[in-house]
Amino acid sequence: MDEGAGHGSAERVALSVGLSVAARYEDGVLTLGEFENLLDDAPVHAASVSEALGRFGYTEGWQPSEASDPGEVIRKAVKCGDTRVLVVHIVAHGRLAGTGERELHVVASDGTNLDDPVSAWISLIESHPDKPRPLTLFILDLCHSGAAATLSWHQQMQVSDRRAWVIAASGREDKAFDYRLSRATAMVLGQYLEGTLAVDPSYQHIPLPTIAQEIAREVTQLSKAEGYVQGVEVSRVPFTASIHDLPFFPNPRHRSQESMLSEVDVGIASMLDEVFDPRHFMLRGASAEPLERGVSGQGYFRGRDAEVRTLATWFNGQGPGFRLLTGKPGVGKSALLGVLVCAAHPTLRDATRGLWFSLSVKPGRNERLAVVHARRRDLAQITDSIARQMGAAEKDRPVDGWDAQGLLSLGQANPGPPYTLVIDALDEAERPEDVTQALLLPLARAALADNPGVRLLVGTRSDRRFATLTKFASAAGGLLDLNHAQPREIYDSLQQYVIDLLAVDTPYAESEAAGAAAALAEGIAARLTGINAPSPHADEAEPLEWGEFLAAGLYLRHVLTLPTQHNPALARELGLDAPVELPELLELDLVDRADQPHLRPVLAALAHAEGRGMPERALAHIAPAFMHPESSDSSLPIGQLQAALAQARFYLRRDIDIDGTTLYRLFHEGLAERLRAEPYGRQEQTR
């Protein structure tokens, strides 16, 4: 990196101070005195941290060659109103005063305490809220330095008012060894700069708790390797507090346009409940994941006109209080729910207008809407999310957690129309039978009663585990099974879907390819539905085992890697070559990537991702298990891993953990199931 991350900001200053203790001699003989270790290498480790901070855009403000009193230099720095962000790193001996308040002092080169205790520097910042002071991070590689991290008066301050933060090498009564905090700090900062460690590109700054956690992890590893236990201490905050926006360390991977969802990604997601998972509904509603178009203004949801009318009017309060939307994998359940949720949700509605505006019937804005993506969520997570979205605070949570009756009570306690509850991907929840029995059936019964406090819509695959729920919905007139769509309807909608995808930013959007584009779309629709296909009795072909629209998108992704076909007859033949089985579609894409040997192992590893996804740190260790048997790699190098993730981008969904770490998972559970069943590909399985 030629210039530091965030380089050019003159408002970032670092003081990296390394203080050795001068040797003492009596009668020409060296005396150890109080300190067995004179810390001769303290300036070297200070310089190492200073170099790393310089790559983050900091200007070094400490000149070790000067005869300045380090305490006075630090005092001036923490009072400087011209500095926006300050890092004070000290590697030296630390001593608790023997009298008075027994404050922590830095030991000067002559073996005496600096006049000011460390707490005085913190007080100069925090005790003068009306004066300009830099936002300051103290990195204290001192014995007993935890005394500065746990000042009682400092911990009592509101987190939002704090301007000083501390990472300390040890507890108040403990020692620091072998420059470990300085070594760990330089190493961790270097790893973020090199990409070995990373936070999501949507984060402008690396969260300070994440940096501190990685430094503490490295100190622990050094302790195990070198002996003598040492534990890092940090400024303590309530566990509910968020300090992720502190600007100490600009994120080297930050890209203002990196978000896969453009302007509606991180901003909206941060305003909505985590278990809601708005990205899921926005991406599925956009219906253009195969071509990686995100939700940047244009929606491609097509067809399902009858179901759109039924569910749009249901969102507007008409029809039975409980509806079940079901069908085979990839049939479009989440796409249908996604586009309707985007239209109805008050936070998503305006930002996603391009996704839903072309619907023949549109849901109105619904201020009493609670939405959950149930994939890898358990009963408690689902109920807690619904309760929060219905306005419940943490203090309202029952000791044993929320249940169906508690949610119904919330709905009835708040005057107004019933709450609309939408739960997608029930079949992918943790223990979905428990969710069904304990939550959904009671809510469904209540939703069908007179004067209900809630209305309920559930999306799930056709599955015998949900037979009771299906029968209940069918009896109430609330069952919508997407498997029952007529092939002719799918054929017509599929043609339009492919034509619309081809019309934006593809070679088939050119006028000379217009006829070929239409023929290609018709050939794909014919192949996937059997309508107008050339083989005998094609119109009586069995429906696909999984969704035609997803199959069309995957195949179209492959077609666009081929030379553009301008002859309509040949373009139709190309469309009729579309595979109808998921493994063949996947292999069609992967077989041409022999020069990308890590792509399949990374996808196979991600097929086993739990919850919101798998971080790079774990993925690097798991992916080699799916490589060729002769591979002896225990961990995939970060450069190769990130290259594979870039190659696999289409297949991935990205999420962000609470510490800013990017999490990855496959964008469709059907793909995950196939990769779990055939992680090495069909050819590899037969070797």
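Here the structure is a predicted model, which means the values were calculated and not measured.

1. Describing the overall build of the chain
So, point 1. Along the chain, the regular secondary structure elements total 26 helices and 18 strands.
So, point 2. Looking at the 687 residues of the chain, the share that counts as buried comes to 55%.
So, point 3. Partitioning the contacts of the chain with sequence separation of at least 6, the portion at a separation of at least 24 is 75%.
So, point 4. Summed over all atoms, the accessible surface of the chain reaches about 30,000 Å², with 49% contributed by carbon and sulfur.

2. Concerning the packing of helix 13 (residues 379-389) against helix 15 (residues 432-447)
So, point 1. For the pair helix 13 and helix 15, interaxial distance at closest approach is 10 Å and the crossing angle is 30°. The crossing of helix 13 and helix 15 is right-handed. In this structure, helix 13 contributes Leu 379, Ile 382, Thr 383 and Ile 386 to the contact, and helix 15 contributes Val 435, Ala 438 and Leu 439.
So, point 2. Per-class residue counts for the contact of helix 13 with helix 15 are six nonpolar, one polar and no charged.

3. A few points about unusual backbone geometry
So, point 1. A positive phi angle, close to 55°, is found at Arg 304, a residue other than glycine.
So, point 2. Positionally, Arg 304 belongs in the loop between helix 9 (278-286) and helix 10 (305-315).
So, point 3. Overall, Arg 304 belongs to the buried group, its relative accessible area being 11%.
So, point 4. A positive phi angle is found at Ala 425, which is not glycine, with a value near 60°.
So, point 5. By the secondary structure assignment, Ala 425 is in the loop between strand 13 (419-424) and helix 15.

4. Considerations on the nonpolar core
So, point 1. By size, the foremost hydrophobic cluster in this structure holds 64 residues, and its most contacted members are Tyr 508, Leu 520, Val 602, Leu 603, Leu 606 and Leu 666.
So, point 2. Beyond its immediate sequence surroundings of up to four residues, Val 602 is in contact with Leu 619, Ala 623, Leu 636, Leu 641, Ala 644 and Leu 645.
So, point 3. Judged by nonpolar contacts, the second largest core, of 37 residues, contains Ala 14, Ile 167, Tyr 192 and Tyr 203.

5. Focus: the environment of Phe 315
So, point 1. With respect to the helices and strands, Phe 315 occurs in helix 10.
So, point 2. We classify Phe 315 as buried; its relative accessible area is 4%.
So, point 3. C-alpha separation for the pair Phe 315 and Thr 420, spaced 105 residues apart in sequence, amounts to 7.4 Å.

6. A word on the pattern of salt bridges
So, point 1. Within the structure shown, the criterion is met by 22 salt bridges.
So, point 2. A salt bridge links Glu 233 to Arg 236; the nearest nitrogen and oxygen atoms lie 2.9 Å apart.
So, point 3. By relative accessible area, which is 42% here, Arg 236 ends up partly exposed.
So, point 4. Between Arg 365 and Asp 350 there is a salt bridge, with its nearest N and O atoms 3.4 Å apart. Here Arg 365 is found in the loop between helix 12 (353-356) and strand 12 (369-373), whereas its partner Asp 350 is found in the loop between helix 11 (333-344) and helix 12, with 15 residues between them in sequence.
So, point 5. Put simply, Asp 178, Arg 180, Arg 183 and Glu 226 are held in one network by salt bridges that share partners.

7. Things to note about helix 15
So, point 1. A bend of about 40° at Leu 440 is the largest found in helix 15, and the proline Pro 442 appears one to four places after it.
So, point 2. All of the buried residues along helix 15 are Pro 432, Val 435, Thr 436, Leu 439, Leu 440, Leu 441, Leu 443, Ala 444, Ala 446 and Ala 447.
So, point 3. Where the residues of helix 15 are buried, they touch strand 11 (322-327), helix 13, helix 14 (404-413), strand 13, strand 14 (454-461) and helix 16 (467-475).

8. Details of the sheet that holds strand 9 (residues 164-168)
So, point 1. As summarised here, the arrangement of the six strands in space is 4-1-5-8-9-10, forming an open sheet in which the pairing is mixed. Of all strands in the sheet, those with a lone pairing partner are strand 4 (59-60) and strand 10 (233-234), marking the two edges.
So, point 2. Contacts from helix 3 (residues 118-126) reach strand 5 (85-91), strand 8 (135-141) and strand 9, with the element oriented near 170° to strand 8.

9. Here's the deal with the packing of aromatic side chains
So, point 1. Applying the stated criterion to the full structure yields six aromatic pairs.
So, point 2. Considering the side-chain rings of Trp 314 and Phe 315, the 5.6 Å spacing of their centres and the 90° angle between planes classify their relative orientation as edge-to-face. One exposure class covers both Trp 314 and Phe 315, and it is buried.
So, point 3. Both rings, one in Tyr 497 and one in Phe 549, keep their centres 5.4 Å apart while their planes meet at 70°; by these two values the pair is edge-to-face. Here Tyr 497, found in helix 17 (residues 487-502), pairs with Phe 549, found in helix 19 (residues 548-559); they are 52 residues apart in sequence, far enough to count as distant. No difference in accessibility class separates Tyr 497 from Phe 549, as the two residues are buried.
So, point 4. Sitting over the ring of Phe 357, Lys 362 keeps its end group 5.3 Å from the ring centre.
So, point 5. Across the ring face of Phe 472, the terminal group of Arg 445 is positioned such that the distance to the ring centre comes to 5.7 Å.

10. Description of the pairing of strand 5
So, point 1. Burial analysis of strand 5 places seven of its seven residues in the buried class, which makes it a mostly covered element.
So, point 2. Because side chains alternate across strand 5, one face comprises the buried residues Val 85, Val 87, His 89 and Val 91, and the other comprises Leu 86, Val 88 and Ile 90, equally buried.
So, point 3. Relative to strand 5, strand 1 (residues 12-18) runs parallel, the two sharing seven bridges. If you follow Ala 14 over to strand 5, its bridge partner there is Val 87.
So, point 4. In the sheet, strand 5 pairs with strand 8 via seven bridges, with the strands oriented parallel. When the bridges of strand 8 are listed, Ile 90 appears paired with Leu 140.

11. What to know about the confidence of the model for the chain
So, point 1. When pLDDT is averaged across the chain, the result is 84; 87% of the residues are at 70 or more.
So, point 2. Across residues 256-267 the pLDDT falls below 50, and counting only partners more than four positions away or on other chains, this stretch makes 22 contacts in the model.

12. Observations regarding the packing of helix 14 against helix 15
So, point 1. Running from amino to carboxyl end, helix 14 crosses helix 15 at an angle of 40°, the nearest separation of the two axes being 9 Å. When the axes of helix 14 and helix 15 are compared, the pair comes out oblique. In this structure, helix 14 meets helix 15 at a crossing whose hand is right-handed. Between helix 14 and helix 15, the residues in contact are Ala 404, Leu 407 and Leu 408 and Ala 438, Leu 439, Pro 442, Leu 443 and Ala 446, respectively.
So, point 2. Of the residues assigned to the contact of helix 14 with helix 15, the class counts are eight nonpolar, no polar and no charged.

13. Points about the sheet that holds strand 18 (residues 662-666)
So, point 1. What the three strands build is an open sheet, ordered 16-18-17; its pairing is antiparallel. Each end of this open sheet is capped by a strand with a single partner; those strands are strand 16 (614-615) and strand 17 (652-656).
So, point 2. Looking at chain direction, strand 17 and strand 18 are connected through five bridges and run antiparallel. If you follow Ile 656 over to strand 18, its bridge partner there is Thr 662.
So, point 3. Those strands touched by helix 22 (residues 599-606) are strand 16, strand 17 and strand 18, and its axis lies near 90° from that of strand 18.

14. Things to note about the pairing of strand 18
So, point 1. With five of five residues buried, strand 18 is to be regarded as a mostly interior element.
So, point 2. Here strand 18 shows a buried face lined by Thr 662, Tyr 664 and Leu 666 and a second buried face lined by Leu 663 and Arg 665.
So, point 3. Across two bridges, strand 16 lies against strand 18 in antiparallel orientation. Residue pairing across strands places Met 614 opposite Tyr 664, the latter belonging to strand 18.

Conventions and cut-offs
- Residues numbered from 1 in each chain as written.
- Predicted model: local features only at pLDDT ≥ 70, side-chain atom pairs only at ≥ 80, totals over all residues.
- Heavy atoms only, no water.
- Helix = DSSP H or I, 4+ residues; strand = E, 2+ residues; numbered from the N terminus.
- Buried < 20%, exposed > 50% of the residue type's maximum accessible area, 1.4 Å probe, protein only.
- Contact = heavy atoms within 4.5 Å.
- Areas by Shrake-Rupley, 256 points an atom, 1.4 Å probe, with all protein chains shown as cover.
- Axes fitted to C-alpha atoms, helices over the stretch in contact; angles between N-to-C directions.
- Left-handed = near helix turned anticlockwise from the far one by under 90°.
- Nonpolar A, V, L, I, M, F, W, Y, C, P; charged D, E, K, R; others polar.
- Core = buried A, V, L, I, M, F, W, Y, C linked by side-chain atoms within 4.5 Å.
- Salt bridge = Lys/Arg side-chain N within 4 Å of Asp/Glu carboxyl O.
- Bend = angle between axes of the 7 residues up to and from the residue.
- Pairing = 2+ DSSP bridges.
- Phe/Tyr/Trp six-rings, centres within 6.5 Å; stacked < 30°, edge-to-face > 60°.
- Lys NZ or Arg CZ within 6 Å of the ring centre and 35° of its normal.
- pLDDT = per-residue confidence, 0-100.
- Parallel < 35°, antiparallel > 145°, perpendicular 65-115°, else oblique.

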